[in-house]
Amino acid sequence: MSSLPTAPGFPPLRLRRYAGFWLTDRTLKFLGASHARFSPRPTDVLLVSFPKTGTTWLKALAFSAHLPSTGADHPLHRNNPHDLVGFLELAGEDDDGLIYEGIPSPRLLAAHLPYSLLPHGITDGSGGRIVYVCRDPKDTLFSFWHFHEKTTATLQRMADDGGASSAMPTFEEAFELFCKGQSMAGPQWRHALEYWEASRLSPDQVLFLRYEDMLRDPEGSLRKMAVFMGCPFSPEEEETGVVRDIVELCSLGMLKGLEVNRSGRTMLGLKNEAFFRNGTVGDWSSCMTPAMAARLDGIVAEALEGSMLFF
Ligand code: A3P
């Protein structure tokens, strides 16, 4: 690790460049262990995203798709989605991912890891299915901006970031770092591109979703996800409105209002409330000038040229 190029990132963490991505020390530490010790199962469903692109929502929906009811005993009433579906790369250092061995099949797991850095058993076709969600990079950056204001101190502890700067960046500084790809698991567009290409090569293994489409058609997105995950809704469930009920339970307004998400913290110490804000498209325009937006769009378009992936 010490031989890898380092740079400051946004959120303000020391990042190291590995295999074309900027990663925290903690993620890098887990990588080796996960490749050696994590055993994917064919029934696994892995929810993957770049941070701030809809991870929390995806976790809530996918978790609920596996349950028969959305009643008062539903675990989302008492748990933040991040405590119901854990991240591979945030497994404790002592267990090196082995805590996931205890979860009965079918397991629902999550990751912010790039496709090329997932444990090999997941990507060689024997390790279950992947649901990926992407989001417009401008909204992703803006969402990150608000998130870091509430969580930077905790994020720095989580990332093992001895070299973190305590100074809060301005939005312009954060923008510059993001444009250079220097954010957790960045560049975002390269992260999305790997999953996009995998979904085109292996549509049965990788489902590529867009946050914006999910906002437009949450019920359709949930149905698509459920079919892909191997737990489609039955005609009886459709008739009794299960899809509508899950979408309602997992809506931003509902989750944001729950006591657990207003006052609690995730197992990692992050405030639950930090994961729920506006959930809209185009929010970036309140902080980014048209020139900044055009510049970021240009960087992304250039990187994605020829890929048929557009934001
Ligand atoms: P905004 O900051 O733009 O509002 P992540 O879950 O990957 O950390 O992403 C956080 C973003 O998803 C935030 O976006 C947050 O408000 C939004 N979000 C969280 N829960 C959501 C939900 N249930 N429905 C829609 N958006 C949600």
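Criteria and thresholds
- Residues numbered from 1 in each chain as written.
- Predicted model: local features only at pLDDT ≥ 70, side-chain atom pairs only at ≥ 80, totals over all residues.
- Heavy atoms only, no water.
- Helix = DSSP H or I, 4+ residues; strand = E, 2+ residues; numbered from the N terminus.
- Rg over C-alpha atoms; globule rule 2.2 N^0.38 Å.
- Buried < 20%, exposed > 50% of the residue type's maximum accessible area, 1.4 Å probe, protein only.
- Contact = heavy atoms within 4.5 Å.
- Areas by Shrake-Rupley, 256 points an atom, 1.4 Å probe, with all protein chains shown as cover.
- Lys, Arg positive; Asp, Glu negative; His and termini not counted.
- Charge placed at Lys NZ, Arg CZ, Asp CG, Glu CD.
- Polar contact = N/O pair within 3.5 Å; in protein donor to acceptor, adjacent residues only side chain to side chain.
- Axes fitted to C-alpha atoms, helices over the stretch in contact; angles between N-to-C directions.
- Parallel < 35°, antiparallel > 145°, perpendicular 65-115°, else oblique.
- Left-handed = near helix turned anticlockwise from the far one by under 90°.
- Phe/Tyr/Trp six-rings, centres within 6.5 Å; stacked < 30°, edge-to-face > 60°.
- Near = heavy atom within 4 Å.
- Nonpolar A, V, L, I, M, F, W, Y, C, P; charged D, E, K, R; others polar.

Per an unreviewed UniProt entry, the protein chain carries the name Sulfotransferase and comes from Triticum aestivum.

(A) Inspection of the overall build of the protein chain at higher detail. Helices and strands together make up the secondary structure of the protein chain, namely 14 helices and seven strands. Over its C-alpha atoms the protein chain spans a radius of gyration of 19 Å, differing by no more than 12% from the 19 Å that the globule rule assigns to 311 residues. Along the first, second and third principal axes, the C-alpha set of the protein chain runs to 55 × 45 × 45 Å. Residue burial in the protein chain is summarised as follows: out of 311 residues, 54% are buried. The long-range share in the protein chain, meaning contacts at least 24 apart out of those at least 6 apart in sequence, stands at 75%. For the protein chain, the accessible surface area stands at approximately 13300 Å², while carbon and sulfur atoms represent 55% of it. Positive and negative side-chain charges of the protein chain, numbering 30 and 38 respectively, have mean locations separated by a distance of 4 Å.

(B) Just the side chain of Thr53, in detail. Positionally, Thr53 belongs in the loop between strand 4 (45-49) and helix 2 (55-65). Side-chain polar atoms of Thr53 contact the backbone oxygen of Phe50, separated by 2.6 Å. Ignoring sequence-local partners within four residues, the contact set of Thr53 consists of Val133, Cys134, Arg135, Thr140, Gln188 and Tyr211.

(C) Just the packing of helix 6 (residues 171-179) against helix 14 (residues 290-304), in detail. Axis separation between helix 6 and helix 14 bottoms out at 11 Å; the angle between their running directions is 15 degrees. On the basis of the axis angle, helix 6 is roughly parallel to helix 14. In this structure, helix 6 crosses over helix 14, and the sense of that crossing is left-handed. Where helix 6 approaches helix 14, its residues Phe171, Glu172, Phe175, Glu176, Phe178 and Cys179 are matched on the opposing element by Met292, Arg295, Leu296 and Ile299.

(D) Region of the structure containing the packing of aromatic side chains. Counted by the stated rule, this structure contains 13 aromatic pairs. For the pair Phe10 and Phe144, a centre-to-centre distance of 6.1 Å together with 70 degrees between the ring planes defines the contact as edge-to-face. On the criterion of sequence distance, the pair formed by Phe10 in the loop between strand 1 (6-8) and strand 2 (14-18) and Phe144 in helix 5 (residues 137-158) is long-range, its members being 134 residues apart. Each member of the pair, Phe10 as well as Phe144, carries the same accessibility label: buried.

(E) Region of interest: the site of the ligand. In the neighbourhood of the ligand, 18 residues make up the surrounding shell, with Lys52, Thr55, Thr56, Ser143 and Gly279 lying closest. Within the side chain of Thr55, a nitrogen or oxygen atom sits 2.5 Å from an oxygen atom of the ligand. Starting from 560 Å² of accessible surface for the ligand in isolation, the protein chains cover 97%. The greatest single-element share of the shell around the ligand, amounting to three residues, is contributed by helix 2. For the shell around the ligand, the per-class residue count stands at seven nonpolar, eight polar and three charged.

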